[in-house]
Amino acid sequence: MPDSGHFEERPRKESVDIFVKYLKSNPVVEDVIVESECRLIVRRKSKADLRVYLTNTYVLGDADVHEIFSEDPNIDAIVTMSQWNGYSESAKLNCKGRGVGLFKFGEFLGAVYYEGEKFLDYSPPSDEEREARRGRRWR
Amino acid sequence: MKNAKRVVDAAGGRLFVFGSVLTEEKPRHVDLLLVYDSSRITAGEACVARSALRTALRKFSVPMDICLLSAREVESSKFIEEESCKPVW
């Protein structure tokens, strides 16, 4: 049984609503099923479904990962919801070792296009990379 | 406060405060960072320690957000510097 304190770090309903709205507008997403205030199933076109755990932890560490897996060992991804939130490098690696992606809100929206290692390792392009891509397109 | 201190000590830990409580007169919540010694307690035990700390601090009317990181995670990040964390214990 997880630490009861964890339940105080549930994501806000309005954040979940926005997240679901963004996901549903993604061309690779067929549907999003909200199972509970912190659990979603993302159904993807021609790709495996993703069982996603949502949290609102300011900085998610190894102990939080342990707690989430104690609560739900069958997840494919953990997403920490607020734009201010983050996670430790160790927590990211810990999740990856279990085949689970650990993402911030915006990162997951990009990761959802991928599977396997590419999904687990996804990080959005930096501002410089975006600029470079834009430049290439305009040339 | 004695109980809270006992919990932090048992985790081989340190407690820091950060965020709006350091800058605002009437913060809506208090951000705390509990750093535990992962060579002394497991991640599961650290979660139990956080829960106990939350209980020990419940008498304060302001909601508390308690982040939980191992000393190793703290050392490999700049969290304490970037968040200007102030030590409590």
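Structure's up top.
Residues numbered from 1 in each chain as written. Chains lettered and ligands numbered in written order. Predicted model: local features only at pLDDT ≥ 70, side-chain atom pairs only at ≥ 80, totals over all residues. Heavy atoms only, no water.

Novice: I would appreciate a short explanation of helix H2 (residues 43-56) of chain B in the present structure.
Specialist: Taking 1.5 Å per residue as the helical rise, H2 of chain B with its 14 residues ought to reach 20 Å, and the 20 Å between its terminal C-alpha atoms agrees with that figure. The complete set of buried residues in H2 of chain B reads Gly 44, Ala 46, Cys 47, Ala 49, Arg 50, Ser 51, Leu 53, Arg 54 and Ala 56 of chain B. In this fold, the buried residues of H2 of chain B make contact with helix H2 (62-71) of chain A together with helix H1 (2-10), strand S1 (14-18), strand S2 (30-36) and strand S3 (64-70) of chain B. (Helix = DSSP H or I, 4+ residues; strand = E, 2+ residues; numbered from the N terminus. Expected span 1.5 Å × (residues − 1). Buried < 20%, exposed > 50% of the residue type's maximum accessible area, 1.4 Å probe, protein only. Contact = heavy atoms within 4.5 Å.)

Novice: What should I look at first to understand the interface of chain B and chain A in this one?
Specialist: A common way to state how big an interface is: give the accessible area lost once the parts meet. Across the contact, 17 residues belong to chain B and 17 residues belong to chain A. For the pairing of chain B and chain A, the buried interface totals around 1300 Å² over both sides, and the portion due to carbon and sulfur atoms is 51%. Where chain B meets chain A, there are 2 salt bridges. Across the salt bridge formed by Arg 50 of chain B and Glu 67 of chain A, the nearest N and O atoms sit 3.2 Å from each other. Put simply, chain B and chain A have 5 residue pairs in polar contact (both at pLDDT 80 or more) between them. Where the side of chain B that touches chain A is concerned, the elements lending two or more residues are H2 and S3 of chain B. Counting residues per element, the side of chain B that touches chain A draws most heavily on H2 of chain B, which supplies 7 residues. (Buried area = accessible area lost by both parts, 1.4 Å probe. Salt bridge = Lys/Arg side-chain N within 4 Å of Asp/Glu carboxyl O. Polar contact = N/O pair within 3.5 Å; in protein donor to acceptor, adjacent residues only side chain to side chain.)

Novice: Help me understand the side chain of Arg 39 of chain A, please; the structure alone is not making it clear to me.
Specialist: By the secondary structure assignment, Arg 39 of chain A is in strand S2 (residues 39-44). Beyond its immediate sequence surroundings of up to four residues, Arg 39 of chain A is in contact with Ile 33, Val 34, Arg 51, Val 52, Tyr 53, Glu 71 and Asp 72 of chain A.

Novice: Please clarify how the sheet that holds S3 of chain B should be interpreted in this entry.
Specialist: Residues and elements named next belong to chain B. Strand order in the open sheet formed by 4 strands is S3-S2-S1-S4, and the pairing between neighbours is mixed. Two strands lie at the open edges of the sheet, namely S3 and strand S4 (86-87), each paired on one side alone. Where S1 and S4 come together, 2 bridges link them in antiparallel fashion. Along S4, the bridge assignment pairs Phe 16 with Pro 87. Docked against the sheet, H2 engages S1, S2 and S3, running at close to 155° with respect to S3. (Pairing = 2+ DSSP bridges. Axes fitted to C-alpha atoms, helices over the stretch in contact; angles between N-to-C directions.)

Novice: Quick question: what am I supposed to make of the nonpolar core here?
Specialist: Note that soluble globular proteins tend to have their nonpolar side chains buried in a common cluster. Among the nonpolar cores identified, the biggest contains 23 residues, and Phe 19, Val 52 and Phe 108 of chain A are the most heavily contacted of them. Broken down by secondary-structure element, the contributors of at least two residues to this core are helix H1 (13-24), strand S1 (29-36), S2, strand S3 (50-55), strand S5 (77-80), helix H4 (105-111) and helix H5 (116-121) of chain A. When residues in this core are grouped by element, the largest group, 4 residues, is from H1 of chain A. Residues in contact with Val 52 of chain A, not counting those within four places in the same chain, are Cys 38, Arg 39, Leu 40, Val 42, Ala 77, Val 79 and Phe 108 of chain A. Residues Val 30, Leu 32, Tyr 36 and Ile 41 of chain B belong to the second largest nonpolar core, which totals 21 residues. (Core = buried A, V, L, I, M, F, W, Y, C linked by side-chain atoms within 4.5 Å.)

Novice: Hey, could you run me through the sheet that holds strand S7 (residues 101-104) of chain A in this one?
Specialist: Residue and element names in this part refer to chain A. Judged by pairing direction, the sheet is mixed, and its 5 strands sit side by side in the order S1-S2-S3-S5-S7 without closing on themselves. The sheet terminates laterally at S1 and S7, the two strands that pair on one side only. Strand after strand, the sheet turns through a mean of 25° between neighbouring axes, direction not considered. Note that S2 and S3 share 4 bridges and pair antiparallel. Within S3, the residue paired with Leu 40 across the bridge is Val 52.

Novice: What am I meant to see in the pattern of salt bridges here?
Specialist: Side-chain pairs of opposite charge can arise where the charged atoms are in close proximity. The final tally for this structure, using the stated rule, is 14 salt bridges over all chains. Ionic pairing is found between Lys 5 of chain B and Asp 9 of chain B, a salt bridge with its closest N-O pair at 3.0 Å. Here the residue Lys 5 of chain B and the residue Asp 9 of chain B both occupy positions in helix H1, the gap between them amounting to 4 residues, near one helical turn. For Asp 9 of chain B, a relative accessible area of 37% corresponds to the partly exposed category. Among the charged side chains, a network of salt bridges with common partners joins Arg 10, Glu 35, Glu 37, Arg 39, Arg 51, Glu 71 and Asp 72 of chain A.

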